[in-house]
Amino acid sequence: MTYQVAVAGASGYAGGEVLRLLADHPQLDVVAAGAHSNAGEYITAVHPHLTAYGDRRFTPTTPEAFAEADLVIMTLPHGQSAALAAQLPADQKIVDLGADHRLQDAAAWEAYYPGPHAGTWTYGLPELPGQREQIAAATRVAATGCYAVATILALRPLLDAGIASPEDVVVVAASGTSGAGNAPKKNLLASEVMGSMSPYKVGAHQHVPEIKQASGAASISMTPLLAPMPRGIISTVTAKAAAEVSAADVHAALVKAYDGEHFVHVLREGQWPSTAATYGTNAVQLQGTVDKDSGRIIVTSAIDNLGKGAAAQVVQCANLMLGLPEAAGLTVNGVAP
Ligand SMILES: NC(=O)C1=CN([C@@H]2O[C@H](COP(=O)(O)OP(=O)(O)OC[C@H]3O[C@@H](n4cnc5c(N)ncnc54)[C@H](OP(=O)(O)O)[C@@H]3O)[C@@H](O)[C@H]2O)C=CC1
Ligand SMILES: CC(=O)N[C@@H](CCC(=O)OP(=O)(O)O)C(=O)O
C-alpha cells in the first residue's frame, strides 16, 4: 500500500532532505511540497540535487494544497506549525519537526522560545522506552530537535541505569551549518565559518528543557559550537558518576539500552563516533568511558543533523504512524569519504 505525504517547508534544508528520502521511499509518495517565498518555483531550482522531481513545483502552504495527504510533515520555523496544524482536519496525521509541540511545561517553553506555548504532542523519539508504541498510535507527533536527539540518546541510558547523577550534566556539542537552516545569515557565510569553530547560544540553548524532559536530567550546562562542515552533530555529554563505575559499565549500559535497535549503534570499545560515518543516514553512533582524572562519565554521540536529527527521524516516525516497516526508505550506511 502507498500513502500520500505533503511536506510543509519543503524548500528549506530539512524539507529538502525529506523530499530526497521520500523520492526513494517504497511506500510514500509526495503529493505536495509546500513552500513560502518559493511557492510556484520549480523544486529543482531550490534543490538542484533532487532530479527525481523533474518539472514539479512547490505549492503554497495551505490546507487546500495538503487536502489529499494521508500525513503532513512540517519543517517550518518555530511558531509556524501550530497555526497550520490548527487549520488541518483533526484526523490528518502530522509529524512536526519544529519545536512548537515538544515541551510539556509551558513555563519551560516561555523561558526559551518567543510566543505562547502551543501544547504538547507525542514525542517522536522511537528509541526511548515505550515511545515507539505511542508514536505508532498517535495522530500528531512532535519530532526531536537535532542536538536533543544526539544528547538524549547518549544521556538517558546512564540515568536509567542509575550510574550517573542527574544533577550535574555538561554537554558540549558541535553542529554543521545546515542546522541553522538555509536563510542567509552573516555568521553562516563561508568567510566566517570556514577554518573556524565558534560557540553560540552559550548556556542558553533552546534544547536544554527538551533534553531534561526526555532524559530525566535535573541540571544541564550546554555549550553549542558551530563547526565548518555542512552537516553533522557530535555531542559529548559528561556526568558525575553516581557510584563506582568503570568504562566497561558505561559501555554495557549503552549496549543494554539499545539492544536490537536498528539505527543506534554502540561502537566497539576503543572506537569513537564521527559525524562523517553518519552522513546521509538515520544512524546514531555512541561510545562511552570514564574520565581517568575526574571520574566523570563521558559519552559521545554522532548523528547527521539533517538525518536522525531531522528528515530521516521524521520519516521513521511517519513509517510508524502509517503502520509501515520502521526502516522503510532509510539507511544506516553513511557516505564516505
Ligand atoms: N536544519 C536542521 O538540522 C534541523 C531543523 N529543525 C527545525 O526544522 C524547522 C525547519 O528547519 P530548516 O529546514 O533548517 O529551516 P529553513 O530555513 O532551511 O527552511 C524553512 C522552511 O519554512 C518555510 N517557511 C518560512 N516561513 C514560512 C511561513 N510563514 N509559512 C510557511 N512556510 C514558511 C520556508 O519557505 P521559503 O524558503 O519558500 O520561504 C522553508 O521551506 C525549524 O523549526 C528548525 O528549527 C529541527 C531539527 C534539525
Ligand atoms: C547550527 C544551528 O544553528 N543549529 C540550530 C539547531 C536548530 C534545531 O535543531 O531546530 P529546533 O530548535 O527546532 O530543534 C540551533 O542551534 O538553534
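Before reading on, note that the structure itself is shown above.
Calculation notes
Residues numbered from 1 in each chain as written. Chains lettered and ligands numbered in written order. Predicted model: local features only at pLDDT ≥ 70, side-chain atom pairs only at ≥ 80, totals over all residues. Heavy atoms only, no water. Near = heavy atom within 4 Å. Polar contact = N/O pair within 3.5 Å; in protein donor to acceptor, adjacent residues only side chain to side chain. Areas by Shrake-Rupley, 256 points an atom, 1.4 Å probe, with all protein chains shown as cover. Nonpolar A, V, L, I, M, F, W, Y, C, P; charged D, E, K, R; others polar. Domains from an automatic or database assignment. Axes fitted to C-alpha atoms, helices over the stretch in contact; angles between N-to-C directions. Helix = DSSP H or I, 4+ residues; strand = E, 2+ residues; numbered from the N terminus. Left-handed = near helix turned anticlockwise from the far one by under 90°. Contact = heavy atoms within 4.5 Å.

Colleague: For this particular structure, what's the right way to read the site of ligand 1?
Modeller: The local shell around ligand 1 holds 27 residues, among which Ser 11, Ala 14, Ser 37, Leu 76 and Asn 305 are the closest. Interatomic distance of 3.0 Å between a backbone N/O atom of Tyr 13 and an oxygen atom of ligand 1. Against a free-state accessible area of 910 Å², the protein chains account for coverage of 84% of ligand 1. Partitioning the shell around ligand 1 into residue classes produces ten nonpolar, 17 polar and no charged. Composition of the shell around ligand 1 by domain shows at least three residues from each of domain 1 (3–144 + 308–321) and domain 2 (147–305).

Colleague: Even after reading the chapter, I still don't get the packing of helix H6 (residues 146–160) against helix H8 (residues 208–215), so can you show me in this structure?
Modeller: Each packed pair of helices is defined by two parameters, the angle between the axes and the distance between the axes. Here H6 crosses H8 at 35°, and the two axes come no closer than 9 Å. Considering how the two elements wind past one another, H6 and H8 form a crossing that is right-handed. Contacts between H6 and H8 pair Ala 148, Thr 151, Ile 152, Leu 155, Arg 156 and Leu 159 from the former with Glu 210, Ile 211, Ala 214 and Ser 215 from the latter.

Colleague: What's the story with the site of ligand 2 in this structure? I'm lost.
Modeller: Contacts to ligand 2 come from 16 residues, most closely from Cys 146, Tyr 200, Lys 201, His 205 and His 207. A distance of 2.7 Å separates an oxygen atom of ligand 2 from a polar atom in the side chain of Tyr 200. His 207 has a polar side-chain atom sitting 2.4 Å from an oxygen atom of ligand 2. Within the complex, 86% of the 430 Å² of free accessible area of ligand 2 lies under protein. When grouped by side-chain class, the residues that make up the shell around ligand 2 number six nonpolar, eight polar and two charged. The two domains that each donate at least three residues to the shell around ligand 2 are domain 1 (3–144 + 308–321) and domain 2 (147–305).

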